[in-house]
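The chain contents come next:
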Amino acid sequence: ILDRLYPNAMEEIKNICAREFIFFQVQEKGNEKHYQEDLTKFIEIFKRDMEQRIKAKEGNTSKIREDE
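These numbers come from a predicted model, not from an experiment.

Participant: I'm lost on the overall build of the chain in this one. Help?
Facilitator: Within the chain, the secondary structure is distributed over three helices and zero strands. Ordering the α and β elements of the chain from the N terminus gives α-α-α. For the chain, the proportion of its 68 residues judged to be buried stands at 18%. Pairs at least 24 apart in sequence give 52% of the contacts found in the chain among residues at least 6 apart.

Shown next, in the form of structure tokens:
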């Protein structure tokens, strides 16, 4: 869906994911007791943020289509 609507969106999401995951890894230690729980929370927050970005872009596309 993203490739069709926004050709650059997947690349943007990949870059954001890589950057955010690296940042997460720098802050966390894989051998810590709560690592798995923290990783799950990270993924949930990342998913929520990406959904918000996609919805915002979809809203902008709808406005453009209405104006045309």
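Participant: Help me understand the pattern of salt bridges, please; the structure alone is not making it clear to me.
Facilitator: Where charged atoms of side chains with opposite charge meet at close range, the side chains can pair. Counted under the stated rule, the structure contains three salt bridges. Ionic pairing is found between Glu-37 and Lys-41, a salt bridge with its closest N-O pair at 3.3 Å. In this pair, Glu-37 and Lys-41 both sit in helix α3 (residues 35-67), four residues apart, roughly one turn of the helix. For the salt bridge of Arg-48 with Asp-49, the shortest nitrogen-to-oxygen distance reads 2.9 Å.

Participant: Which parts of the structure should I look at to understand the packing of aromatic side chains?
Facilitator: Scanning all chains against the criterion turns up five aromatic pairs. Consider the rings of Phe-42 and Phe-46, whose centres lie 6.1 Å apart with planes at 20°: the pair is stacked. With Phe-42 and Phe-46 both in helix α3 and four residues apart, this pair spans about one turn of that helix. Put simply, the rings of Phe-21, Phe-24, Tyr-35, Phe-42 and Phe-46 pair up and form one aromatic cluster.

Participant: Mind showing me how you'd approach helix α2 (residues 9-27) here?
Facilitator: Residues lying three or four places apart along an α-helix face the same way, a consequence of the helix completing one turn every 3.6 residues. The terminal C-alpha atoms of α2, which comprises 19 residues, lie 27 Å apart, in line with the 27 Å expected from a rise of 1.5 Å per residue. All of the buried residues in α2 are Ala-9, Ile-13, Ile-16 and Phe-24. All buried residues of α2 lie within an arc of 65° about the axis, which places them on one face of the element. More than 90 degrees from the buried face of α2, the exposed residues found are Arg-19, Ile-22 and Val-26.

Cut-offs used in this document
Residues numbered from 1 in each chain as written. Predicted model: local features only at pLDDT ≥ 70, side-chain atom pairs only at ≥ 80, totals over all residues. Heavy atoms only, no water. Helix = DSSP H or I, 4+ residues; strand = E, 2+ residues; numbered from the N terminus. Buried < 20%, exposed > 50% of the residue type's maximum accessible area, 1.4 Å probe, protein only. Contact = heavy atoms within 4.5 Å. Salt bridge = Lys/Arg side-chain N within 4 Å of Asp/Glu carboxyl O. Phe/Tyr/Trp six-rings, centres within 6.5 Å; stacked < 30°, edge-to-face > 60°. Expected span 1.5 Å × (residues − 1). Arc of directions from axis to C-beta.

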